[in-house]
Amino acid sequence: MGKKVVRLGLFGLGTVGRGIVELLQRKNKEKGDYEFVLEKIAVKHLDKERPTSVASRLLTTNHREILENPEIDTVVEVIGGISPAKEIILEALKKGKNVVTANKALLARIGSQLFEEAIKNNCYLGVRASNVASYRLIESLAFSPFQIEKLLGVFNATSNYILTQMEKKGQSFSSVLEKAQEIGYAEEDPSNDIDGYDTAHKLVALLSLAMGYFLPLESVFVEGIRRISYQDILFARELGYRIKLLAIVKRRDNNLEARVHPALLPIGKEMAQLEGIENGLELRDEVGVEVGIKAPGAGKYPTATAILEDLICIAKGRKLILPQQRKHLNLKKMGEIESEYYLRFNVLDRVGVLAKISGILGNHNISIASVIQKGKAEKSLNSVPIIMLTYEAEEEAVQDALKEIDALSVAKGKSLLIRVEEGIL
Ligand code: HSE
């Protein structure tokens, strides 16, 4: 049998695009039974200086040169965002081209449409790079005979970097974010990462393959890490926890919880120990088997490697990883979930305040497991933080209680709630 040649059109030559060009060159040197030929690269600007050398004849600003070239059988999309990535991918699939993409934002929104189009046109749709943390597990999840019962993920490198730097350096969220932006670890507009949306996109994309369930993105509860202070990190540590931005999925029978928010994780748990840009995924299936993986969550080569793995599947004629149709799942409303909670109140340092707070919590059936209040307030600053850890309570009851507490005249500023998660491994 002759050598299989895969002819590629690449959309995007940013950090990941350059990583792909470099890895393809490296792979081709191995002279295996397949070869990748990069026919064209669509870029925004032809004359931009680029650290990776690319023959200028390969570059174009005209998408048509890739989409309408019948020689190109596979399109790699790493420009990100919704448009024009959506139009490019749909047109490529309609024209019978295979597509490999890292675009979790798009998959989270129209993943089922993209898969339908791929099946209709008998094309391969490679989405491993949409969640770099989990892609090495994705095949076994997609083909697992058993359903996931619980899944936890740290899927955002920027947020994990910020949280670990705050802890290491004893600095505030905003000063760590500013430094991370200076050195290019955080985007100029960091909202997608630090407000939890990127994690939610990755969660929805992963669940579609692992559970066969295209969860509507807007139904996922999303909360980011902006309100976490260095003080919270210290209090959490004192209580035996670290704070992580988590993607959480819990399934019992047909009922599903899917949410993204910061959570206190017991320090000894593996996910609590992820540092810097490390990401991780762990899960337990319905027969109690627990597995986990730790991997870099971002960067040129981790993402490009995931893309390359899909390209190799195409070269080897492997079948598309398809979401398996499972039965319908009912998504729990956020108010119905149950959790333990870390609560931080800023209140006047006065007689009876603690009693008032615990009274309100008690009225809402919320039982307190521990309390921290450090000494007296400085004279100049008469409010003090009070930290409470609750036993398991219903989210709606906790939210209602916090509203009542925040309305007290002794309350100075909005209280903070962080959910506690016991972890898996
Ligand atoms: N911006 C993402 C992160 C990396 O910080 O994890 C790309 O998915």
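All values reported here derive from a predicted model rather than from experimental measurement.

A. Geometry of the domain arrangement of the protein chain. The domains assigned to the protein chain are domain 1 (4–130), domain 2 (135–297 + 324–331) and domain 3 (334–420). Distance between the C-alpha centres of domain 1 and domain 3: 51 Å.

B. Broad picture of the site of the ligand. The immediate surroundings of the ligand are formed by Lys-104, Phe-155, Asn-156, Ala-157, Thr-158, Asp-193, Asp-198, Lys-202 and Ala-298. The backbone of Ala-157 places a nitrogen or oxygen atom 2.6 Å from an oxygen atom of the ligand. Asp-193 places a side-chain nitrogen or oxygen 2.9 Å from a nitrogen atom of the ligand. Burial of the ligand by the protein chains amounts to 81% of its free accessible area of 260 Å². Mapped onto the shell around the ligand, the elements with two or more residues apiece are α6 (157–169) and α9 (197–211).

C. Structural view of the side chain of Asn-156. Among the structural elements, Asn-156 can be located in the loop between β7 (148–154) and α6. Only 3.4 Å separates the side chain of Asn-156 from the backbone nitrogen of Thr-158, close enough to count as a polar contact. Residues contacting Asn-156, with those up to four places away along its chain left out, are Asp-193, Asp-198, Thr-199, Leu-245 and Asn-279.

D. Quick peek at a nonpolar patch on the surface. A contiguous nonpolar patch, built from Phe-146, Val-287, Val-289 and Val-291 and spanning about 310 Å² of accessible area, is present on the exposed surface. Looking at the element boundaries, Val-291 is found in strand β12 (residues 290–296).

E. Molecular detail of the packing of aromatic side chains. Inspection of every chain in the model, using the stated rule, returns 3 aromatic pairs. When the centroid spacing of 6.3 Å and the interplanar angle of 50° are considered together, the rings of Phe-115 and Phe-214 count as tilted. Of this pair, Phe-115 sits in helix α4 (residues 104–120) while Phe-214 sits in the loop between α9 and β8 (221–222), and the two are 99 residues apart along the sequence. You can call Phe-115 buried: its relative accessible area is 4%. Note on Phe-214: relative accessible area 27%, which makes it partly exposed. Between the aromatic rings of Tyr-161 and Tyr-185, the centroid separation amounts to 4.7 Å while the plane-to-plane angle is 55°, which identifies the pairing as tilted. With a gap of 24 residues between them, Tyr-161 in helix α6 and Tyr-185 in the loop between α7 (173–182) and α8 (191–194) connect regions that are remote in the sequence.

About the thresholds
In this numbering scheme, every chain counts its residues from 1 along its sequence in written order. In keeping with the predicted nature of the model, local features appear solely for residues at pLDDT of at least 70, side-chain atom pairs appear and are counted solely at 80 or more, and the whole-chain, interface and lining totals rest on all residues. Each side-chain value is derived from all of the structure's non-hydrogen atoms; neither hydrogens nor water enter the calculation. Domain segmentation is taken from an automatic or database assignment of domains. A single heavy atom is enough: if one lies within 4 Å of a molecule or strand, its residue is considered near that molecule or strand. Here a polar contact is recorded for every N or O atom pair within 3.5 Å, except that within protein the pair must consist of a potential hydrogen donor and a potential acceptor, and residues adjacent in sequence are included only if both atoms are side-chain atoms. Areas reported here follow the Shrake-Rupley algorithm with a probe of radius 1.4 Å; residue values treat only the protein chains shown as occluding. Labels follow the DSSP assignment, with helices taken as runs of H or I lasting at least four residues and strands as runs of E lasting at least two, numbered in each case from the N terminus. Any two residues having at least one pair of non-hydrogen atoms within 4.5 Å are treated as being in contact. Patches here: salt-bridge-free residues with over 30% relative accessible area, like charges joined within 9 Å, nonpolar side chains (Val, Leu, Ile, Met, Phe, Trp, Tyr) joined within 5 Å. Any carboxyl oxygen of Asp or Glu that lies within 4 Å of a side-chain nitrogen of Lys or Arg is treated as forming a salt bridge with it. Each aromatic pair joins two rings of Phe, Tyr and Trp (for Trp, the six-membered one) with centres within 6.5 Å, and gets the label stacked for planes under 30 degrees apart, edge-to-face for over 60, and tilted for any other angle. Residue burial is assigned from relative accessible area. The probe radius is 1.4 Å, only protein chains are included, and a residue is buried under 20% of its type maximum, exposed over 50%, and partly exposed in between.

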